[in-house]
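So you can see what is in the structure, the chains are spelled out below.
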Amino acid sequence: MKTARILLAAAALTAAAAPALAGDWKFLPVTEKGYAPAFVASVTGGVMDPQHVKSGDAWGLELAMNCGLLQTPTGVIRTKLSVTKFDKGGLDLTTVELNPRWTTPIAKDLTLGVGPGIGWVKADGGSRNVDMFAWQVGADLDYRIGQLNLGLGARWQDTVNKTVATGQAGADNWLVQAKVGVAF
């Protein structure tokens, strides 16, 4: 079942990002004249649904910017660095994630971003603390009103299967969240 979800997510991302694969790629655009990082700092809040416990509130911070390492011929790769906190049912999770998103406009001031990511998860199951590597796949919608940025995001995160608590390996989870941010 887990392998099927991974393959389905990879296929969906590949299909969604196909237009970005053709044409001239830019390597190290940060070195080019006119490069602008277009920073957006946001507060996030939503619902996380981890394995082993019931879903609950998740809160965090996100900093998004245009990627300075790589840009596609169409759309923009936005790098999203986020920290999220979840605490419910005896499971305390802190995630730090780096999620590049291939982002393209879908309407005036509205963009859709899709992509993979990597992360670090600190899990506290009450009797044990573990640090785990994670990878994730997700999508974001962002709407800009001047400097105000409103967003919705969803991602699935797969963690390595370290023992979090007796009989509980890993902390795979879904996260759906809203974002309110400021562009600067």
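Right, let's walk through the structure included here. Quick caveat, the model's predicted, so the values are computed rather than measured.

1. Comments concerning the sheet that holds strand β2 (residues 40-50)
Taken in spatial order, the eight strands line up as β2-β3-β5-β6-β7-β8-β9-β12 and close into a barrel, and their pairing is antiparallel. Recorded for the sheet is a direction-independent mean angle of 25° between the axes of neighbouring strands. As defined by bridge partners, β2 adjoins strand β12 (residues 173-183) across eleven bridges and the pair is classed as antiparallel. Counterpart to Pro 50 in the pairing with β12 is Asn 173.

2. Considerations on the side chain of Thr 72
Position of Thr 72 relative to the elements: it lies in the loop between β4 (70-71) and β5 (76-88). From its side chain, Thr 72 meets the backbone oxygen of Thr 74 in a polar contact 2.4 Å long. In terms of polar contacts, Thr 72 uses its side chain to reach the side chain of Trp 102, at 3.3 Å.

3. Structural notes on unusual backbone geometry
Leave glycine aside and you will find that most residues have negative phi; peptide bonds, for their part, are mostly trans. Phi is positive for Leu 28, which is not a glycine, with a value near 55°. Locating Leu 28 in the fold gives a position in the loop between β1 (26-27) and β2. We classify Leu 28 as partly exposed; its relative accessible area is 42%. Located in the positive-phi region is Asp 109, a residue other than glycine, with phi close to 65°.

The rules behind the values
Residues numbered from 1 in each chain as written. Predicted model: local features only at pLDDT ≥ 70, side-chain atom pairs only at ≥ 80, totals over all residues. Heavy atoms only, no water. Pairing = 2+ DSSP bridges. Helix = DSSP H or I, 4+ residues; strand = E, 2+ residues; numbered from the N terminus. Axes fitted to C-alpha atoms, helices over the stretch in contact; angles between N-to-C directions. Polar contact = N/O pair within 3.5 Å; in protein donor to acceptor, adjacent residues only side chain to side chain. Buried < 20%, exposed > 50% of the residue type's maximum accessible area, 1.4 Å probe, protein only.

Structural measurements only, silent on function.
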